[in-house]
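One letter stands for each residue in the lines below.
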Amino acid sequence: MPSMHGLRRIVPSGLLRSGRRCVNRLWQQQHHHGGFFRTIAAAQPFNIDQRDISVGILAEHYDKWERRVPITPDHVKQLITSFKHGELTNVYVQPSQRIFPETQYEAVGAKISADLCDADILLGVKQPIIDDLLPDKTYFFFSHVIKGQPENMALLQAILDKNIQLFDYEAIASDETDPSTGKIRKRRLVAFGKYAGIAGMIDTFQCLGRRLLASGFSTPFLNCSPAYVYYDLDEAKRSVKELGRHIEEDGLPMSLEPLVFAFTGNGNVTTGALEMFQLLPHKMVTLDEAIALKNTTGPHKCIYGLMVQQQDLVKRTGSEEVFDVKHYRENPSEYESTFASKVAPICNVIVNGIYWDERYPRLLTKAEMSELYRNGSKGLFVVGDISCDVNGSIEFLEKTTTIEKPFFSWNPTTNEADDEISKDGIAVMGVDILPTELSVESSKHFGESLLPLLKQLITNGHDKDADVYGNLSPELANACITQNGSLTPNFAYIKALMERPRASTTKTIHSLSKPHILLRIEGHIFDSGLINNVLDVIENQDCPFDIEECTVKRTVNGVATKSILMMRVFSDDDEKLGNVLKKITLLLDLIDSADASMQHFDNRLQSKPSSSQNRVTVLGEREQNILLLGAGKVASSFAEYLGRSKTNTITVASQYEADAMKTARYATRGKAVTCDLSQPGDQLKYLIQEADIVVSLLPAQMHPTIAEECVSMKTDLVTASYESEEMRALCSSAEEAGIAILNEMGLDPGVDHMSAMKIIDDVHERGGEITSFSSVCGGLPSPEVANHNPLLYKFSWSPMGVMKASQNAAVYRKDNQLVVIDGADLLASAEPFDAWKSLNLECIPNRDSLVYGEKYG
């Protein structure tokens, strides 16, 4: 991938319009895919009169439940009235399943037409069908391209090819100050507001009714319909109030404990949820009051609300200091969750509207919830996770749910999810398009925000040669992604993400033997404009770079998520690399709205040739097929961890069908295949060819054969075993095939290497010298059963492998003396390990330790 020199020096022009004829068919006949930036000879924009502008409202095809509209009939009426003396000629409405019927649009002066060729500005909610895009038009919709989402790059390419000017609602934002930290953050101006919270609370009521019914309680909650059933919010509120009347008059079942709803977060999502909750007879309580409630008896004629404060969510590890929210936001890794111990045992419903990313401790893990169940704390009936972050702050939200099937049940005892709600589990609501359930109010709120910007565009965007940055407000101009067949300067960085190869291809870029720094930046990289500034810094230092990984998550129900960017920056000039590092570090402090952090690996002074070629991989919503060879003890953990993502298919191959099926069930999308892995055959070759990556957890002696097949099929391979001479011999073949073969990626070897290098590098960075180094790793039995375990060893991997390893010869250096131990004498050479005297542990030498002396440096 080449350096991005000059990428960001594209000068935008103004609003593009096509005149009074449609050129889509002409474009489709004459256009051929060419370079990334180019003009379209078949469909040049036409000069039109300043007063000759029309607006079109697109049909929605993204989801059958999508009934929202960008502007309502009332907004169309306001728009027409505002321009009754000119500028706006017509408003066209494409027939669709929207919440407002076409007759209402006709009544205010709009024209109903499936053909929008005569419209200049086209408004939608979600992405249109690529083939339906009209060239030389201006479009507004949620494009989901500004983070380089791989699944939407074909859409962006079509927009560029068709000379479309695109404004993205997600990028229309202004700066505001976070009151808790004093930092500047971006606030979206055109969004669906609190309606995710409102709809989510209504659906949570229904979920609670069904979960209580499974436990034998008939309650008014069961009569609360899902939010989409109601025509508008007024109707929904009347229904919830009626629910409340029954609770107040009749009370809840006598034997049902007082119902405590715990709310997390303080943004629009939680505001909306509270608005519906407070329609019921309720009392807001403190944490101490909620604890005391558990000793009261029914029948209860109200429900209880607990606003969970941040100091009740986490505490600083190993410290009893007063909670400091600013310190927590800046140093989340120094904190641990207290939600499981303080809040979860006393609440019956969790309404989660909190922002979370991987830097922060989870609210509630699977292990914590399972421990609560084992201890008899089974009062949590429902989780309404409106933030809808899969495996996020609520770890057992294992998947998003749909409007058709909004709930599932997770059993803390078996760690299994089921589509049927039962008394043995926690009912979970995780719908990810909640605002569309209240399409009337969501659309009204959205259109109120969009209308002033649309009027501005019609008034000021009439000159096709106008610079949007000088002709429009910053909020609108900064949301223009494409113009004149090019990305605008604010979004030019997307080109680097578009040019990445797909997961199944490889691409040689810059040699890793060259001096470089590896950067990992996590934060609101795109929304804040941080990525533009980072690329500017690199370009100004004249450094080529490779983007290795870009992990993006989509915003769900109005809750933003952070992205991760990993890139290598190359230069033979040590000073330039130092400047890049210094200036990017400064940017992170200056751009508050990014809320970003950076890690870096400095490969300037200790550059080593690499045996594998660099690859560009962008991770997002792209589906991946991971082939897992083997279904032994460690395979289930792998399948469960990487199988959490619904975009990962884990194909488990084993010669034993029952083992393969059992392991595959740990993954959200698991597949079991019975295959003879001891001999390469057509079936194994096909599995490897179809995979994006192969992970072999087979015995080490089988890896060379598997590796040869991976080389042949040009598929990357990862193993957890020691790198043998046979595997090393395949180095040049792997390089020629353009793949990576990564060995020693387990616990030992693997994690021990990483912990060793962390310690050694830290000593070197502080000017120290390593005089002696010893690494200890092993499986320990639980203390309560240790005395009954004759080997005093925890078999976390193949018992046969353990027995064979106990007969391996060992060599190491101690006190500058070479120590060689024959395999037959290995167990007899055990020495006491005194670091934890109470555990009575022994150390046994492990293979050839000398080979790591040079590697560890």
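Our subject is the structure that appears above.
Note that the structure is predicted; figures quoted are calculated from it, not measured.

A. Seen up close, the pairing of strand β11 (residues 303–307). The buried fraction of β11 is high, at 4 of 5 residues. Both strand β9 (residues 260–264) and β11 contribute to a ladder of 4 bridges, which runs parallel. Of the residues in β11, the one forming a bridge with A262 is L306. Taking the sense of rotation as the criterion, the β-α-β connection linking strand β10 (residues 282–284), helix α8 (residues 287–293) and β11 turns out right-handed.

B. Quick look at the packing of aromatic side chains. Following the criterion strictly, the structure yields 16 aromatic pairs and no others. Considering the side-chain rings of F142 and Y169, the 5.1 Å spacing of their centres and the 65° angle between planes classify their relative orientation as edge-to-face. Of this pair, F142 sits in the loop between β5 (138–140) and α4 (153–161) while Y169 sits in the loop between β6 (165–167) and β7 (173–177), placing them 27 residues apart in sequence. The exposure classification of F142 matches that of Y169, with both residues buried. Ring centres of F323 and Y335 lie 6.1 Å apart, and the angle between their planes is 80°; this geometry places the pair in the edge-to-face category. One end of the pair, F323, is in the loop between β12 (314–316) and α10 (325–330); the other, Y335, is in strand β13 (residues 335–337), and 12 residues separate them in sequence. Residue classification places F323 among the partly exposed residues on the basis of a relative accessible area of 22%. Note on Y335: relative accessible area 8%, which makes it buried. Grouping aromatic residues by their ring pairs yields a cluster made of F140, F142, F167, Y169 and F446. The side chain of K399 reaches across the aromatic face of F408, ending 5.3 Å from its centre.

C. View of helix α12 (residues 366–374). Residues of α12 that are buried: K366, M369, S370, L372 and Y373. For α12, the arc enclosing every buried residue in end-on projection is 155°, short of the 170-degree limit, so these residues lie on one face. Those residues of α12 that are exposed and angled more than 90 degrees off the buried face are A367 and R374. Check the buried side of α12 and you find it contacts α11 (339–342), β16 (407–411), β18 (426–429) and α19 (635–642). Once α12 finishes, G376 follows within two positions and takes phi at roughly 85°, a positive value.

Rules used in this analysis
- Residues numbered from 1 in each chain as written.
- Predicted model: local features only at pLDDT ≥ 70, side-chain atom pairs only at ≥ 80, totals over all residues.
- Heavy atoms only, no water.
- Buried < 20%, exposed > 50% of the residue type's maximum accessible area, 1.4 Å probe, protein only.
- Helix = DSSP H or I, 4+ residues; strand = E, 2+ residues; numbered from the N terminus.
- Pairing = 2+ DSSP bridges.
- Right-handed = clockwise from strand over helix to strand, strands pointing away.
- Phe/Tyr/Trp six-rings, centres within 6.5 Å; stacked < 30°, edge-to-face > 60°.
- Lys NZ or Arg CZ within 6 Å of the ring centre and 35° of its normal.
- Arc of directions from axis to C-beta.
- Contact = heavy atoms within 4.5 Å.

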